[in-house]
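Take a look at the letters that make up each chain.
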Amino acid sequence: MKKIFYLLLFLAFGCEKAEIPISDSIGELQSFQINMESDYKHQIYYNLENNQVVKQNLKTDWDIAFEASEEGWKIITNSARFAKVSELVNHNFQDFITTENLTWRTENPRGTNYGTAIGDYRNKNSVYIIDLGFNIDGSNAGYKKIRIDSVNQSIYLIEYANLDNSEYRSKVINKNNSYNFKYLSFDDDNVKEIEPKKQDWDLIFTQYTHLYDDPELPPFYLVTGVLSNYLNNVLITKDTINTFEEIDNTIINSYEFSNDQNTIGFDWKTYIFNEGYVVNSNISYIIKDVRNNYFKLRFIDFYNSNGEKGYPTFEVQKL
């Protein structure tokens, strides 16, 4: 089930008021199509300034990621795979574990500022069970257990294994302040640079796990949409009152901007039975990018010329 939420002001913790000098100049209107494919297998990083894709990967290329700044300590799981986490407090890592009667939690789609599925592991003796979610073909990816032994300004030290203790690994994850996260794949036990350098991208087109606060809906739901480079101060608001053509520099200072990573999210489209996905082109997004430039963006399609879904198309213009 899908819902469309129409809001002029996206008021949330971390909102900022736009403060820019007013200029009459405005950039050329451009359009762009993102190729996620019909099974949404790709995660695609996009740069607004250059109107281009700067990097992409299969959503199954990683399982867990580590905040890469010197002061960073947060760890996230891959919500594009519908990953979930269960915490076992004061548990011996070597104990045999089953998945029966576990309580699961997932990543907050608003971003790490609102907590993570693993949470604050520091000063704890916890073991974390990770449901790795799904492979691209929909099959289950299995489970891992992990313990975070230490973190400092340079490295994370972790150990992980299958639930029956097979395939045990101890690994050092080196930080790199040029990136938001460093990524680990349990499939090949390799640390990977999945995302571009944090100054090189603004938006990521991806599946992710949405949380519903509605008793009539499942608590976790896998959706397809757009997240932002919120850790590098990308700010976004949306406007459903002014038309896309009316939005210019003269009204930017009237908006409230949010650094929630899912401000664009997935609800610029809705699924209609027997029709497919319908895009609401009356929603405009105003975005401050990593270089402090402002853009307006609206979606105009979700299908390619062959009628295949998974090809979000949008118009974008620099303000």
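Residues numbered from 1 in each chain as written. Predicted model: local features only at pLDDT ≥ 70, side-chain atom pairs only at ≥ 80, totals over all residues. Heavy atoms only, no water.

With 26 residues, the main nonpolar core has Leu-203, Phe-205, Ile-264, Tyr-285, Ile-287, Leu-297 and Phe-299 as its most contacted residues. Broken down by secondary-structure element, the contributors of at least two residues to this core are strand E3 (42-47), strand E14 (203-211), strand E19 (276-279), strand E20 (284-288), strand E21 (294-303) and strand E22 (309-318). Top contributing element to this core by residue count: E21, with 5 residues. Aside from chain neighbours lying at most four places away, what touches Phe-205 is Ile-34, Met-36, His-42, Gln-43, Ile-44, Tyr-46, Gly-225, Val-226, Phe-299, Pro-312 and Phe-314. Counting 19 residues, the second-largest nonpolar core is a separate cluster that includes Ile-64, Tyr-128, Ile-146 and Ile-158. (Core = buried A, V, L, I, M, F, W, Y, C linked by side-chain atoms within 4.5 Å. Buried < 20%, exposed > 50% of the residue type's maximum accessible area, 1.4 Å probe, protein only. Helix = DSSP H or I, 4+ residues; strand = E, 2+ residues; numbered from the N terminus. Contact = heavy atoms within 4.5 Å.)

Inspection of the entire model under this criterion finds 24 aromatic pairs. An angle of 80 degrees between the planes, with centres 4.9 Å apart, marks the rings of Tyr-45 and Trp-201 as edge-to-face. Of this pair, Tyr-45 sits in strand E3 while Trp-201 sits in the loop between strand E13 (190-192) and E14; the two residues are 156 residues apart in sequence, bridging distant segments of the chain. Here the two residues Tyr-45 and Trp-201 agree in accessibility, since each one is buried. Aromatic pair Tyr-255 and Phe-257: ring centres 6.2 Å apart, planes at 85 degrees, arrangement edge-to-face. Accessibility assignment for this pair places Tyr-255 and Phe-257 in one class, buried. Every member of this aromatic cluster is reached through a ring pair, and the members are Phe-32, Tyr-40, Tyr-46, Phe-205, Trp-268, Tyr-271, Tyr-277, Tyr-285, Phe-299, Phe-302, Tyr-303 and Phe-314. When the ring centre of Phe-93 is taken as origin, the NZ or CZ atom of Lys-145, which lies over that ring, is 4.9 Å away. Over the ring of Phe-244 we find Lys-296; its NZ or CZ atom is 4.7 Å from the centre of that ring. (Phe/Tyr/Trp six-rings, centres within 6.5 Å; stacked < 30°, edge-to-face > 60°. Lys NZ or Arg CZ within 6 Å of the ring centre and 35° of its normal.)

In spatial order, the strands read E2-E22-E21-E20-E16; together these 5 strands make up an open sheet with antiparallel pairing. Strands with a single pairing partner mark the edges of an open sheet, and in this sheet they are strand E2 (30-33) and strand E16 (235-239). Mean inter-strand twist for the sheet, computed between neighbouring axes without regard to direction, equals 30 degrees. In terms of strand pairing, E16 meets E20 through 5 bridges, oriented antiparallel. (Pairing = 2+ DSSP bridges. Axes fitted to C-alpha atoms, helices over the stretch in contact; angles between N-to-C directions.)

Turning next to the confidence of the model for the protein chain. Summary statistics for the protein chain give a mean pLDDT of 90 and a share of 91% for residues scoring 70 or more. For the stretch residues 1-18, pLDDT sits under 50, and the model shows 66 contacts to residues farther than four places along the chain or on other chains. (pLDDT = per-residue confidence, 0-100.)

Bringing the sheet that holds strand E11 (residues 169-174) into the picture now. Across the sheet, 5 strands lie side by side as E7-E8-E9-E10-E11; this open sheet has antiparallel pairing. The open sheet terminates on both sides in strands that have one partner only, identified here as strand E7 (84-88) and E11. Taking each pair of neighbouring strands and ignoring which way they run, the sheet shows an average axis angle of 30 degrees. Where strand E8 (residues 127-131) and strand E9 (residues 143-151) come together, 4 bridges link them in antiparallel fashion. The residue bridging Ile-129 from the neighbouring strand is Lys-145, located in E9.

It is worth spelling out the pattern of salt bridges at this point. In the structure shown here, the tally under the stated rule is 18 salt bridges. Ionic pairing is found between Asp-120 and Arg-122, a salt bridge with its closest N-O pair at 3.0 Å. Judged by its relative accessible area of 35%, Arg-122 is partly exposed. We note a salt bridge from Arg-147 to Asp-149, for which the minimum N-O separation is 3.3 Å. By relative accessible area, which is 19% here, Arg-147 ends up buried. Salt bridges here are not isolated pairs; linked through shared partners, they connect Glu-87, Arg-105 and Lys-124. (Salt bridge = Lys/Arg side-chain N within 4 Å of Asp/Glu carboxyl O.)

Time to look at the environment of Lys-309. Looking at where Lys-309 falls in the secondary structure, it is placed in strand E22. Overall, the relative accessible area of 28% leaves Lys-309 in the partly exposed class. Those residues in contact with Lys-309 that sit more than four places away from it in its chain are Glu-37, Ser-38, Tyr-40, Tyr-277, Phe-302 and Tyr-303. There is a polar contact of 2.6 Å between the side chain of Lys-309 and the backbone oxygen of Ser-38. Within the local environment of Lys-309, its side chain forms a polar contact with the side chain of Tyr-40, the two groups lying 3.3 Å apart. (Polar contact = N/O pair within 3.5 Å; in protein donor to acceptor, adjacent residues only side chain to side chain.)

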